[in-house]
Amino acid sequence: MIEIPGFIDLHTHTRYPDADKFPYNDIDESAINGGFSTLLAMPNSEIPIDSIKNLKIAQEIDKKLKTKVHRVGALTKDLDGRELVNYKEFVENGITIFSDDGKSLIDDNLADEAFKKISALGGAIFQHCEKSCHSRPGDIAPPNADNDLIPINNDEELEVLARDLNLSEKYGTRYHAQHLSTYESVQLIKKAKQEGLPVTAEVTPHHILLNNENLDTNNGLFKMYPPIRTEKDREGLVEGLQSGVIDVIATDHAPHKLETKTVPFKDANRGVVGLESAFPLIYSSNIFELDQILKFLVTNPLTILEELGYEIPKIVNTWKKSKSVFITKSKYKNSLFENENIEIQRVLSNV
Ligand SMILES: [Zn+2]
């Protein structure tokens, strides 16, 4: 038996508040099964977290979970990139992190204003970097033989990231790059950190465990933003974690009803679940030592959230080393790791 602090996920899509299409207790169950005790909820729910009214609706539900859920405010109204949210109101309500995750804030003038305002308020911008997210959303990373699928080139991520790093330097804005997927992004973050910018970055378990060689474009489970890329990119992300350039592993947990993933790739919804599989799969991959994994899943996300004023409960979970296959227990099974071999299991008490 191993005692391990509860993990902190900087990137969860709770889906709720959403007229109960995705019950909140399923997020709770996924987090508990995966050993996560704190989640940072992205604002792209059915009711977007772009006003204090909507924030309060979400927080009322958050209180019902055993897992601690912290909130992120939207960067723009309805996350559509056209009108900035009133950040001051959010900060007054304890929310200091802003993101349009699922989309990027593309408009350069609005981005400049957002970085300036959020810096003045002592907040942070968490950015999903993807240049064509509003204009021409893509499907898959190159190389790709299917002409019907729109490629998502590495530049999609790099252009937004490079612009943001300049804005972070201009205004001193605290910046966190969400779910990086390219080799070159790691080099940009490395340079920004060397220059002393207030910058951190995250990567998902699927981007460090998988590459796009032999990716099955008949399987909608493989559709996600950002896409799984080449082995060179995967190795660059792993090296980014090893060298401390990337700080955090975050799940990008995104429950989808299976019927939206079992359709042709082009039509499939984007994203996979990840809370339950994150730790067992990373541990079993033997890429990192346990103390490194704890840095990526506990210590570093804790530091980031505490610095931004979020309180984190101190929980300890018990795990046992035991070989088995990974099976998602929650209702939403859009996992890339179903039936993979794992070497450690969460010991559940009375949940
Ligand atoms: Zn995202």
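Computed from a predicted structure; not experimentally measured.

(A) Broad picture of the coordination of the zinc ion. The protein atoms that coordinate the zinc ion are D101 (OD), H128 (ND1) and H179 (NE2), at distances of 2.0 to 2.2 Å. Linear spacing of the donor residues for the zinc ion on their chain is D-x26-H-x50-H. Within this pair, whereas D101 is found in the loop between β5 (97-98) and α4 (108-120), its partner H128 is found in the loop between β6 (124-127) and α5 (154-171), the two being separated by 27 residues in sequence. In this pair, the class of D101 matches that of H128, namely buried.

(B) Fine view of the sheet that holds strand β11 (residues 341-347). With antiparallel pairing, three strands are arranged side by side in an open sheet as β1-β10-β11. Every interior strand has two partners, whereas the edge strands, β1 (2-5) and β11, have only one. With direction set aside, neighbouring strand axes in the sheet form an average angle of 45°. Taken together, the six bridges between strand β10 (residues 316-325) and β11 define a ladder with antiparallel strand orientation. Within β11, the residue paired with S324 across the bridge is I342. Where helix α9 (residues 278-285) meets the sheet, it contacts β1, β10 and β11, and its direction lies at approximately 135° from that of β11.

How each quantity is defined
- Residues numbered from 1 in each chain as written.
- Predicted model: local features only at pLDDT ≥ 70, side-chain atom pairs only at ≥ 80, totals over all residues.
- Heavy atoms only, no water.
- Donors = N, O, S within 2.8 Å, 3.2 Å for Na, K, Ca; no water.
- Helix = DSSP H or I, 4+ residues; strand = E, 2+ residues; numbered from the N terminus.
- Buried < 20%, exposed > 50% of the residue type's maximum accessible area, 1.4 Å probe, protein only.
- Pairing = 2+ DSSP bridges.
- Axes fitted to C-alpha atoms, helices over the stretch in contact; angles between N-to-C directions.
- Contact = heavy atoms within 4.5 Å.

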